[in-house]
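Summary of structural features
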Amino acid sequence: MRLITLTGIHFLLTYSCNYECDHCFLYCGPNSKGTFTLDQIEKVLNEAEKLKTVEWIYFEGGEPFLYYPLMIAGIKAAKERGFKIGIVTNSYWATCYRDARLWLKPISEIGIDDFSVSDDIFHYEDQKLSLSKVADISARDLNLPSFSIKIEEPSVQKENKESLEKGKPIIGGTTKFRGRAVTTLTEDLPKTTWINFTECPYEDLEGLGRIHVDSFGNAQVCQGLSIGNFWETPLSELVSQYEAKKHPICGPLLRGGPAELVREFNLELRGDYVDECHLCYLARIALLEKFPQYLGPRQVYGLE
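Counting restarts for each chain: residues are numbered from 1 in the order of the written sequence. Local features are withheld for residues below a pLDDT of 70 in this predicted model, meaning they are given only at 70 or higher, and side-chain atom pairs are given and counted only at 80 or more; totals for whole chains, interfaces and linings count all residues. Values reported for side chains reflect all heavy atoms of the structure, with hydrogen atoms and water molecules removed beforehand.

Things to note about the overall build of the protein
Only runs of H or I of at least four residues qualify as helices and only runs of E of at least two qualify as strands under DSSP, and these elements are numbered from the N terminus. Across its full length, the protein holds nine helices and twelve strands. When accessible area is computed with a 1.4 Å probe and restricted to protein chains, residues below 20% of their type maximum are described as buried, those above 50% as exposed, and intermediate ones as partly exposed. Taken across its 304 residues, the protein has 55% of its residues classed as buried. Sequence separation of at least 24 residues holds for 68% of the intrachain contacts in the protein that already meet a minimum separation of 6. Working definition of accessibility: Shrake-Rupley area with a 1.4 Å probe, residue cover restricted to the visible protein chains. When the accessible area of the protein is evaluated, it comes to approximately 14200 Å², of which 49% is carbon and sulfur surface. Any pair of residues with heavy atoms lying within 4.5 Å of one another is described as a contacting pair.

Here it is, written out as structure tokens:
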């Protein structure tokens, strides 16, 4: 059995976002529901302390700056407990340098360890006028450790012998085909048969490493894939009791990837897909009603 070492907890502070990006893992947008309260944040942080292994606390979304006072209070609470702190933002608020520094000054005074800014064409088609660049420069002016997150559009790359032998679709870019990306970005991409997708190449399903938590209580090892509900079972217990191979979704994924999900549950998904995430995401949608406690919230699957 692999040792579970959870080192990072990422708060999905809210599912709400002022944008509806084509690549969004979580189907976030202005009408998305689910925002933490301060009491809930503090309860999760208390559970994180009990685990003894958590080093990092991130605040992201959706867009965490939409709930700015709550985000600031959460950062302070995490700082008081000695955690390293990160923020992920689309920088919609950085409309000019003076205002950007106004938003960032309280954060710089608290002190954080990672300030990650989305800076790609999904957020800003005109990269020369990107608000993220204003946010990045303003953050650096205030000595915040600023980094850019660049998600590249999926693109068809030139075929090569090695990729053909493996039966993999020849796709470039860093988009992962989960959430809204499955609906908006897969249509014209090359696909290959479902039987080739025999592993999960992206998530640490056994050791966890990090999880995303939302206000509904989902402790997500991948977007929309939960190990349980921490409002029903305290997070420290949920993590310590987790056995990946016994999990109804993670178990098959470990044994044989998304293809094994299709086989074990006899799903009608024996077609062609872009990659592992594409097939896994559709398999999970097919299993939503069977395992609602592990697959949710439904809005992450574009269903509510």
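A look at the packing of helix H3 (residues 97–110) against helix H4 (residues 131–141)
Two numbers describe how H3 lies on H4: the axes approach to 9 Å, and their chain directions differ by 60°. On the basis of their axis angle, the class for H3 and H4 is oblique. Considering how the two elements wind past one another, H3 and H4 form a crossing that is right-handed. Across the interface between the two elements, Tyr 97, Ala 100, Arg 101 and Leu 104 from H3 touch Val 134, Ala 135, Ile 137, Ser 138, Ala 139 and Asp 141 from H4. Within the contact of H3 with H4, the residues separate by chemical class into seven nonpolar, one polar and two charged. Structural elements are reduced to axes, namely lines fitted to C-alpha atoms, with helices fitted over the stretch in contact, and the angle between N-to-C directions of any two is expressed from 0 to 180 degrees. Reported orientations rely on four angle classes, namely roughly parallel under 35 degrees, roughly antiparallel over 145, roughly perpendicular from 65 to 115, and oblique for the rest. By convention the crossing between two helices is left-handed if the near helix lies anticlockwise of the far one by an angle smaller than a right angle, and right-handed if it lies clockwise. Here the nonpolar group is Ala, Val, Leu, Ile, Met, Phe, Trp, Tyr, Cys and Pro; Asp, Glu, Lys and Arg are the charged ones; every other residue, Gly included, is treated as polar.

Some thoughts on the packing of aromatic side chains
Ring pairs are drawn from Phe, Tyr and Trp, using the six-membered ring of Trp, whenever the two centres fall within 6.5 Å, and their geometry is named by plane angle: stacked under 30 degrees, edge-to-face over 60, tilted for the rest. Applying the stated criterion across every chain, the model contains 14 aromatic pairs. Geometrically, the ring pair formed by Phe 11 and Phe 36 is edge-to-face, given 5.1 Å between the ring centres and 75° between the ring planes. Taken together, the residues span a long stretch of sequence, with Phe 11 in strand S1 (residues 8–12) and Phe 36 in the loop between S1 and helix H1 (38–51) at a distance of 25 residues. Chaining the aromatic ring pairs together yields one cluster made of Phe 65, Tyr 68, Tyr 92, Trp 93, Trp 103 and Phe 115. Only when the NZ atom of a Lys or the CZ atom of an Arg is both within 6 Å of the ring centre and within 35 degrees of the ring normal do we say a charge sits over the ring. Directly above the aromatic system of Phe 25 lies the positively charged group of Arg 178, at a separation of 5.5 Å from the ring centroid.

A look at the layout of surface pockets
Roughly 290 Å³ of volume is contained in the second largest pocket. Along the wall of the second largest pocket there are 16 residues; nearest its centre are Ile 227, Gly 228, Asn 229, Leu 238 and Tyr 294. Put simply, the parts of the chain that give the lining of the second largest pocket at least two residues each are strand S11 (225–229) and helix H7 (235–241). If you tally residues by element for the lining of the second largest pocket, the top one is S11, at three residues. Class assignment of the residues belonging to the lining of the second largest pocket gives a composition of six nonpolar, seven polar and three charged. A cavity here means a set of points on a 1 Å grid, drawn over the protein atoms and nothing else, where a 1.4 Å probe fits but cannot get out; a pocket is an open set with protein on both sides within 12 Å along at least five of seven lines, and a residue lines either one if it has an atom within 4 Å of a point. Grid points are joined across faces, edges and corners, and a volume is the space filled by probe spheres set on the points.

A few points about the environment of Phe 177
Mapping Phe 177 onto the fold places it in the loop between strand S7 (171–172) and helix H6 (180–184). Note on Phe 177: relative accessible area 2%, which makes it buried. Taking the C-alpha atoms as reference points, Phe 177 and Tyr 281, separated by 104 residues in sequence, lie 7.8 Å from one another.

Some remarks on the side chain of Asn 218
Following the sequence through the fold, Asn 218 ends up in strand S10 (residues 218–222). By the criterion applied in these results, polar contacts are pairs of N or O atoms within 3.5 Å in which, for protein atoms, one can donate a hydrogen and the other can accept it, and in which residues neighboring in sequence qualify only through two side-chain atoms. Of note is the side chain of Asn 218, whose polar atom sits 2.9 Å from the side chain of Asp 214. If sequence neighbours within four positions are ignored, Asn 218 has contacts with His 212, Val 213, Ser 226, Gly 228, Asn 229, Phe 230, Gly 296 and Pro 297.

Side note on empty space enclosed by the protein
Empty pockets left among the atoms are what a rolling probe the size of a water molecule brings to light. Taken as a whole and assessed by the stated rule, the structure comprises one cavity of 30 Å³ or more. Reported here for the largest cavity is a volume of approximately 110 Å³. Taken together, 15 residues form the lining of the largest cavity, with Cys 200, Cys 222, Cys 277, Cys 280 and Arg 284 sitting closest to its centre. Listing elements by their share of the lining of the largest cavity, those giving two or more residues are helix H8 (250–264) and helix H9 (276–286). Sort the elements by how many residues they give to the lining of the largest cavity and H9 lands first, with four residues. When grouped by side-chain class, the residues that make up the lining of the largest cavity number ten nonpolar, no polar and five charged.

Geometry only, nothing functional implied.
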